[in-house]
Amino acid sequence: MTIHSGRPTPNPDLNTWPLPDGLRARLMREHGWSAAFAEQAETEYRRFVYLATLGRPVTPSPAVDEVWHTHLMFTRDYWGGFQALLPAPLHHEPGTGDPGDAARLREQYLDTLALYERTFGEAAPATCWPRPAIPATNPAQRPAPGGLWGWVVGAAVLGLGGSVLTGTLLFLLPTALVFGILALAVLLGRRGGHSRPGDGAAGAGGLVLFGLDLGGDGGNTDGGGCGSSDGGGAGCGSGCGGGGCGS
């Protein structure tokens, strides 16, 4: 069953409940949201609340969490008639900051996205629900940039040693050529600084030449960002969750 914007959830009372006067204006003023985005964020907030009624822990996106935080400030409405629409009170549960808390909330956010799609028959809009980025590379699997200097030293020893043994400059010419290629590789690799997810080793800040990774700055391999949305959220999910209010 697909839920369209005219009927954001299967709960008609939740769909038509008038949010407090001044809530949308406050969101627009404090976060620089457009009227259209604020309206969309409110719709996604209603959907998030409905997901919380299904009895599973859920985590909102940054934009949806801002609507939730603001609604909580209107205590008469939030703890009054609005909660009467739900099977049980929906409490706000911020992260504790304990080790592993961020990873737990990130996984819970991913589970919320999956639950959203199963429930509403469509993916959550990325404008309000940013997706986690996929790491481009695993730094532990990439050769250390120091391996480049092994090639440089090896080429120098080969060229100078060969010149001493033969008494000619014959070996200095290929040595100069190797140095030139390596210097160009380093320059191009450092210009390639950052990568998009999935670009592979060549896009991760290094250069692959004849099958050899010639290093670079290692690229951006944090893999944890989602990019900012129109709502100003830069994280994958907010640092908050709802324990579920299905019982």
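Per an unreviewed UniProt entry, the recorded name for the protein chain is Putative membrane protein, and the organism is Deinococcus gobiensis.

Draft legend 1. The pattern of salt bridges, seen in detail. Under the definition given, this model contains four salt bridges. The closest approach of N and O atoms between Glu-122 and Arg-47, which form a salt bridge, is 3.0 Å. Note that Glu-122 is positioned in the loop between helix H6 (101-120) and helix H7 (146-166) and Arg-47 in helix H3 (residues 35-52), a separation of 75 residues in sequence. Relative accessible area serves as the criterion here: at 29%, Glu-122 is assigned to the partly exposed category. Judged by its relative accessible area of 3%, Arg-47 falls in the buried class.

Draft legend 2. Quick peek at helix H4 (residues 62-73). End to end, H4 covers 17 Å across 12 residues, agreeing with the expected 16 Å (1.5 Å per residue, within 8%). In terms of burial, H4 is a largely internal element, nine of the 12 residues being buried. Buried within H4 we find Pro-62, Ala-63, Val-64, Asp-65, Val-67, Trp-68, Thr-70, His-71 and Leu-72.

Reading the values: the criteria
Residues numbered from 1 in each chain as written. Predicted model: local features only at pLDDT ≥ 70, side-chain atom pairs only at ≥ 80, totals over all residues. Heavy atoms only, no water. Salt bridge = Lys/Arg side-chain N within 4 Å of Asp/Glu carboxyl O. Helix = DSSP H or I, 4+ residues; strand = E, 2+ residues; numbered from the N terminus. Buried < 20%, exposed > 50% of the residue type's maximum accessible area, 1.4 Å probe, protein only. Expected span 1.5 Å × (residues − 1).

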